[in-house]
Amino acid sequence: MLYYKNEAYGLTWWRLNSITDANRYYFPFRNKSESMLFRVFEKEELKEFFDILAVRNTIVGPVETGLDRNGKPMYAFVQTSDFSRLRLNYTTTKLPAKRYFLPYRENLASFRVNGTDWEKIVDYNCDRPHIFFGLHACDINALNRLDKVLLGSVYPMPYYAVKRKNMFIIGFDCRPQPFCFCRSMGADTALHGFDMFITDIGARYFVEVLSAAAYNLLQIVNTRAPEEADHLQYMRTVEEKNKKFSTHVDTTDLTKILDMEFQSDIWKQWGDRCLGCGSCSNVCPTCYCYGVEETVDIDLRGAKKVKTLYSCNVVDFAQVAGGHNFRPERHIRLKYRYYHKHRGFVEAYEESLCVGCGRCGEACLAGITVPEVIASVRGEET
Amino acid sequence: MNTELKFTDVIAQSREERRRKHDLSKFEYSYKAEITSVHRLTDMESLYRIRIIDELERNAFAFRPGQFLMLEAPGIGEAPFSISSSPSAHGDVELCIRTVGNLTSFLSKAFRGMRVGIRGPFGNSFPLEEMHGQNILLIAGGLGLAPLRAPIAYVQENRNLFEKVAIIYGAKTPSQILFTFQHDMWRKDDIELTIIVEKADQSWKGPVGLITKILEQMASERTAFFDQNTSAIVCGPPVMFKFVCNMLTEIGIPMHKMFVSLERRMHCGMGKCCRCNVGSTYTCLTGPVFDYWTVMNLKEAI
């Protein structure tokens, strides 16, 4: 059969020079397909699908990496070609898939020094497409929101663009956890920004197909068009899921309330608890702030310009040369983080930069969670 | 009071703003430039004359007064500096730099012909075209004179387009006064220059105190600057803004005609690293120039 020729399952690598026009980048995936296509397939087909994809592609998926201090399994997005390692019913990962599109450390450029002259060599650090097998809706929405600032704004960022454009995303439905509040942040369903999205409807998988690439790849397994019973089963599954959200954040008029409560003592109370460690940014799927450092190579013949993701909660974030610090106190920095996520981004892009994945609250050493902070700023008792 | 609203030419604006802003391959591109001379101004500050080496790039490099660029010394670091020279010189720029951090300490040892990288120009600018036909009050504290030197050069070159122009400049001590070699030239171009120092020495004959002292004096004399037809540009350390701008407001200069240039930490200059955010506004994209009305409404700006 024609489809079983190996090349058919390799993905096209988008080179940067073919995508330099950033205007095509505003909502990069929206124009891929006009309408969504639905299919269903038997559960055992998924392994077949994975295995064939794995032959020619790099796949990243949720894998169990150990147990946390409560004895519960911890998950991480890891590169794997072994379907049995995947845990598609994972709760959430401690870290987002960020290292694949916004690496914690990344070379922006290197220099070759030659006497008094030098040459700048820029590499965008991506040489092939990656398949993301099993991202939850919150993490897909995180990418969509990052797209707005990193691709849709002025000065689109090539380091992100080339990785983002080379992501093939297979979404997977989730089970709401006690710390999830994605529904409050409008991030519990992904409308775009993925290639296909799989929902477990009990007996079989229900899949939304969004891109032509996904449609083509799905030819390698047996799928069929959904029947009325599948639709009903899908809707029942979604309804069941929605009932399970236990944490909510009231975002009504939040931008205004944040402005009004700017001088509130509440911030000081949270600031006293905050350790300023930056763990929240580390685990945040949408934190993109960074710092740049340059170093000279040990042989003195070259130099590197390295970007490191940073956190606005870390003490020197807004410190300028000469020592002046625009945000010297912890509560001011913590407040700033909430302002960026829940006010500034909303003002610029009509939605919050927070997707409500709850990772920051889980990771915070001082136990500070977004729902609690926002409730307290709103004057609600918790 | 003039109640007529201004027409905004969006077409002209967009034409200016395209170019570098949308091209993915230009993100990390540096113009290669060389330091043609280092002019020592004081113990701490030097004026670096820097030229983009490629002739085409040099001529195409266009900036407006108030914009900044990112200067990079490979392996040492990269930092934002406001351009301190006339826009008409294109890719021959002058930067007034104080030795204060890692990169600037390295630059203090720079030699003629040293090659550096330049990215930019970035940010917005002082709306000097909108100030045509008006009085201009330029108020600088300390190193704040550096970014003001670009609009001063613009005023010198287009002196016919402006009414009265005055510079009020405050320095800590007489030895820290910048651009002394140009003061006479400014005066001869009919720009009133008043310098005040915080701490005088024996040689100092001028006024002593804070910048607000000069403003108070001008206010009491009701000089021509204090009417609706004056625009002010204020640049200096953060503490200065509030005092000076409040005083100017009292005197009667409208808030939207008062411009400040904010200084923040920046690692990219392109609205990505977030280091320069004030509240949630990017100083590098929306600023560094803000009118006082905007600054008042930005959280923690000054």
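As a convention, each chain's residues are numbered from 1 in the sequence order in which they are written. Whichever chain is written first becomes A and whichever ligand is written first becomes 1, with later ones labelled in order. Since the coordinates come from a predicted model, pLDDT governs what is reported: local features require at least 70, and pairs of side-chain atoms require 80 or more to be given and counted, while whole-chain, interface and lining totals use all residues.

### Quick look at the overall build of chain B
For chain B, the helix and strand inventory stands at eight helices and 14 strands. In terms of overall size, chain B behaves like a compact globule, its C-alpha atoms giving a radius of gyration of 19 Å where 302 residues would be expected to give roughly 19 Å. The dimensions of chain B, computed from C-alpha atoms along their principal axes, are 55 × 50 × 40 Å. Each residue is classed by its C-beta neighbour count within 10 Å, where at least 20 other C-beta atoms makes it buried, 12 or fewer makes it exposed, and intermediate counts make it partly exposed; the C-beta atoms are placed from backbone geometry. Looking at chain B as a whole, 48% of its 302 residues are labelled buried. For helices the rule is a DSSP run of H or I covering at least 4 residues; for strands it is a run of E covering at least 2, with both sets numbered from the N terminus onward. In this setup the radius of gyration rests on C-alpha atoms only. A globule is expected at 2.2 Å times the number of residues raised to 0.38.

### Quick notes on the confidence of the model for chain A
Low pLDDT marks stretches whose predicted atomic positions should not be read closely. All names here are of chain A. The pLDDT value tells you how sure the predictor is about a given residue, anywhere from 0 up to 100. Across chain A, the average pLDDT comes to 87, with 90% of residues at 70 or higher. Helix H4 (residues 212-217) is the least confidently modelled element of chain A, averaging 86 in pLDDT, while strand S8 (residues 196-200) averages 95, the highest of any element. This model gives residues 1-8 a pLDDT under 50, and the stretch forms five contacts once residues within four places in sequence are excluded. Across residues 17-34 the pLDDT falls below 50, and counting only partners more than four positions away or on other chains, this stretch makes 32 contacts in the model. Working definition of a contact: two residues with C-beta atoms, positioned from the backbone, lying within 7 Å.

### A short note on the interface of chain B and chain A
Chain B puts 35 residues into the contact, and the matching count from chain A is 45 residues. When the residues that make up the side of chain B that touches chain A are grouped by side-chain class, the tally is 10 nonpolar, 14 polar and 11 charged. Each residue is assigned to one of three groups, with Ala, Val, Leu, Ile, Met, Phe, Trp, Tyr, Cys and Pro labelled nonpolar, Asp, Glu, Lys and Arg labelled charged, and all others, Gly among them, labelled polar.

### Digging into the sheet that holds S8 of chain A
In sheet architecture, strand pairing relies on hydrogen bonds along the backbone and comes in two forms, parallel and antiparallel. Residue and element names in this part refer to chain A. Taken in spatial order, the seven strands of this open sheet run S1-S9-S8-S7-S6-S2-S3, and their pairing is mixed. The two strands at the open ends of the sheet, each matched to only one other strand, are strand S1 (37-42) and strand S3 (73-79). The sheet shows a mean angle of 25° between the axes of neighbouring strands, direction not considered. The criterion for strand pairing is that DSSP finds at least two bridges linking the strands in question. By the bridge criterion, six bridges tie S1 to strand S9 (residues 204-209) in an arrangement that is antiparallel. Each bridged residue has a counterpart across the sheet, and for Phe38 the counterpart in S9 is Glu208. Axis geometry follows a simple rule: fit a line to the C-alpha atoms, using only the stretch in contact for helices, then measure angles between N-to-C directions, giving values from 0 to 180 degrees.

### Thoughts on the environment of Arg337 of chain A
Residue and element names in this part refer to chain A. Topologically, Arg337 is positioned in helix H9 (residues 330-349). With 24 C-beta atoms packed within 10 Å, Arg337 lands in the buried category. Along the chain, Arg337 and Ser311 lie 26 residues apart, while their C-alpha atoms are 8.9 Å from each other.

### Quick notes on the environment of Ala79 of chain B
Residues and elements named next belong to chain B. Of note, Ala79 is situated in strand S4 (residues 77-82). Taking C-alpha positions, Ala79 is 20 Å from Gly113, a pair spaced 34 residues apart along the chain. Dropping the residues within four chain positions of it, Ala79 is found in contact with Leu71 and Leu103.

### Looking at the domain arrangement of chain B
Residues and elements named next belong to chain B. Residue ranges assigned to the domains are those given by an automatic or database domain assignment. Partitioning chain B into structural domains gives domain 1 (26-122) and domain 2 (128-297). Just the C-alpha atoms count here: the centres of domain 1 and domain 2 sit 22 Å apart. Contacts between the two partners involve 20 residues from domain 1 and, on the opposite side, 21 residues from domain 2. Going through the elements one at a time, strand S3 (68-73), S4, strand S5 (92-98) and strand S6 (115-122) are the ones with two or more residues in the side of domain 1 that touches domain 2. Among the residues forming the side of domain 1 that touches domain 2, the class breakdown is nine nonpolar, eight polar and three charged.

### Let's talk about the domain arrangement of chain A
Residues and elements named next belong to chain A. Here chain A is partitioned into domain 1 (2-243) and domain 2 (254-377). If you average the C-alpha positions of domain 1 and of domain 2, the two centres end up 26 Å apart. The partner domain 2 presents 28 residues to the 33 residues of domain 1 that form the contact. Going through the elements one at a time, strand S4 (105-114) and helix H2 (137-150) are the ones with two or more residues in the side of domain 1 that touches domain 2. Considering each element in turn, the side of domain 1 that touches domain 2 owes the most residues, nine residues, to S4.

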